Amino acid sequence: MEATHLGLSDGDLRQIVVQNASDQGRPAGELGRIVRTSLQPFNPSPEGFLAAHYALAITLETPSGRKEECTFFVKCLPTENAALARYLEEIGSFRKESHVLQDIVAAIQRVCPWRTIAPRVLWAHGDRVLVMNNLKIAGYSTVKRESGLLDEPFLRQALETLACLHAGSIVLEERNARTLSELFPDVLRENAWNSNPQSTRHQDVTNVIELYSELVRLCDHWPESRKAAILQQLPALMRRIYAFVVPSTEFRNTLNHGDLWCNNVMFRCDAKGLPIGCALVDYQLSRYVPPAYDVNLLLYLTTDRKTRETSRPALLDHYYEVFVGVLDCNGLYASVILPQDSFRRSAEVYRLAGLIHATMISGEVTLPDVFLQQVFGNLELTGSFMPIQKVRVCVKAFEADECYRNRLIELMEELFAHIQ
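Described in the following lines is the structure provided in the data block. (Residues numbered from 1 in each chain as written. Predicted model: local features only at pLDDT ≥ 70, side-chain atom pairs only at ≥ 80, totals over all residues. Heavy atoms only, no water.)

The buried fraction of strand β9 (residues 275-280) amounts to 5 of the 6 residues, a majority that puts the element mostly inside the structure. Note that strand β8 (residues 265-269) and β9 share 5 bridges and pair antiparallel. Counterpart to Met 266 in the pairing with β9 is Ala 279. Hairpin connection between β8 and β9: a loop of 5 residues separates the two successive antiparallel strands, and Gly 273 in this loop has a positive phi of roughly 85°. (Buried < 20%, exposed > 50% of the residue type's maximum accessible area, 1.4 Å probe, protein only. Helix = DSSP H or I, 4+ residues; strand = E, 2+ residues; numbered from the N terminus. Pairing = 2+ DSSP bridges.)

Here you go:
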């Protein structure tokens with residue numbers, strides 16, 4: 001496949017390699033000329049739900065005659081799936097990610113130069129194509145496990161990167177004496193949990209409620225009297241997410257990643273396989289709320305209940321220690337901006353936000369591979385987050401796969417504790 005498939009001209013390709021060289025501190029004169037390009041799917045199986053992903057390879061011939069290949073990661077609107085493309089345009093995911101990465105995260109990276117937080121955008125075409133450095137070349141990869149859960153060393157690395165992201169956004173605000181919402185109007189407008197009844201995402205939430213209602217009916221985990229109470233109160237409980245995504249008037253708000261399932265958290269490991277770095281990808285659903293939202297979301301998506309019960313206090317303390325360190329390195333004091341007792345209170349307030357959000361998306365993001373293949377093989381199933389046809393696939397997976405069933409039941413049990 002040629003780069004022209006994405007509308008990339010020779011000038012665009014040149015701009016990509018020059019920007020990449022500049023980021024690496026290399027003079028453009030060393031690059032030579034482009035002799036070959038190729039475009040291939042980034043992986044044999046899809047990397048995510050909200051874009052098409054490609055590997056762009058550009059071969060250069062230097063002035064000395066040496067050939068050098070550079071590989072880049074490309075995200076674009078899925079032209080082969082018109083329904084999904086319309087959905088992504090409706091929720092503004094490409095526009096959001098482009099602006100968040102280029103305008104906000106790039107500036108945060110400069111105040112946390114010791115840690116890779118996210119990929120670098122090298123070239124963007126409107127709201128349709130993003131070309132970024134390939135984190136896999138730098139040794140980053142996702143942790144592939146059926147459950148999507150992380151061991152504690154990986155979890156601590158993810159929390160450290162979150163702390164850099166959150167604290168770094170505060171540094172930007174303090175230096176500019178303005179909030180991110182003021183600095184970048186409309187960029188962080190909520191596009192995941194949209195309470196507008198006319199929006200596709202609103203219908204998705206209705207369908208998710210139907211999914212869990214059906215799972216309650218199917219499951220013999222609760223007596224009939226308890227099921228009746230759950231089914232009656234579940235819609236209102238799930239829709240509490242709409243209040244949580246509004247910027248807080250009580251706690252300090254920061255940039256939040258907002259979509260911390262396992263495929264969006266990449267790790268770099270040492271020779272022994274131990275994590276020494278973590279980068280976050282896919283900022284299409286980021287938001288402006290207290291950092292405790294992200295922290296709780298990560299914990300609910302990547303740990304089991306036993307780990308949360310035994311390790312949550314220590315993990316929160318580890319996050320906060322790194323958060324304090326980032327502010328301190330930039331001449332700011334966490335004791336003034338977000339004292340630890342305030343952070344701990346916010347962590348309790350937003351615990352339910354993380355639980356609801358994780359429950360909402362876990363039906364999709366933890367689907368076993370055989371059922372994911374069904375989803376990606378049918379355009380009707382990928383035209384939004386949770387079309388009613390995907391609900392049926394999730395129900396079948398719940399009936400057929402024990403690991404998937406147990407993971408959802410664990411989240412449901414904790415969520416239903418909020419139902420009288």
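Within the fold, Glu 160 resides in helix α4 (residues 152-176). Among all residues touching Glu 160, those that are not within four sequence positions of it are Arg 115, His 318 and Val 322. (Contact = heavy atoms within 4.5 Å.)

Pairing between the strands of a sheet comes from backbone hydrogen bonds, and it takes one of two forms, parallel or antiparallel. Read from one edge to the other, the open sheet built from 3 strands follows the order β6-β8-β9, with strand pairing classed as antiparallel. Of all the strands in the sheet, just β6 (140-142) and β9 have a single pairing partner and so form its edges. Between one strand axis and the next, the sheet turns through 40° on average, direction left out of account. For β6 and β8, the ladder comprises 3 bridges, and the chain directions are antiparallel. Bridge assignment links Tyr 140 to a residue of β8, and that residue is Arg 268. Against the sheet, α4 contacts β8 and β9, and its axis sits at roughly 50° relative to β9. (Axes fitted to C-alpha atoms, helices over the stretch in contact; angles between N-to-C directions.)

Two elements in contact, helix α2 (residues 82-91) and helix α6 (residues 200-218), have axes separated by 10 Å at closest approach and are oriented at 110°. Classified by the interaxial angle, the pair formed by α2 and α6 is roughly perpendicular. On α6, the residues touching Tyr 87, Glu 90 and Ile 91 of α2 are Thr 200, Arg 201 and Asp 204. The class makeup of the residues in the contact of α2 with α6 is 2 nonpolar, 1 polar and 3 charged. (Parallel < 35°, antiparallel > 145°, perpendicular 65-115°, else oblique. Nonpolar A, V, L, I, M, F, W, Y, C, P; charged D, E, K, R; others polar.)

Turning our attention to helix α14 (residues 369-376). Within α14, burial applies to Phe 371, Leu 372 and Val 375. Angular distribution of buried residues about the axis of α14 spans 105°; they occupy a single face of the element. For α14, the exposed residues lying more than 90 degrees away from the buried face are Asp 369 and Gln 373. Lining the buried residues of α14 we find α13 (351-365) and α15 (388-400). (Arc of directions from axis to C-beta.)

With that settled, the discussion passes to the packing of aromatic side chains. Scanning all chains against the criterion turns up 10 aromatic pairs. Their ring planes at 70° and their centres at 4.7 Å tell us that Phe 42 and Phe 73 sit as a pair that is edge-to-face. Separated by 31 residues along the polypeptide, Phe 42 in the loop between β1 (33-41) and β2 (52-61) and Phe 73 in strand β3 (residues 67-76) bring together distant segments of the chain. Classification of Phe 73 by relative accessible area gives buried; the value is 14%. Centre to centre, the rings of Tyr 320 and Phe 323 are 5.9 Å apart; their planes meet at 25°, and the pair counts as stacked. Here Tyr 320 and its partner Phe 323 are both found in helix α10 (residues 305-329), 3 residues apart, which amounts to about one turn of the helix. You'll find Tyr 320 and Phe 323 in the same group, each marked buried. Taken together, Tyr 319, Tyr 320, Phe 323 and Phe 343 form an aromatic cluster joined through their ring pairs. Directly above the ring of Trp 193 sits Arg 201, whose terminal nitrogen or CZ lies 4.9 Å from the centroid. (Phe/Tyr/Trp six-rings, centres within 6.5 Å; stacked < 30°, edge-to-face > 60°. Lys NZ or Arg CZ within 6 Å of the ring centre and 35° of its normal.)

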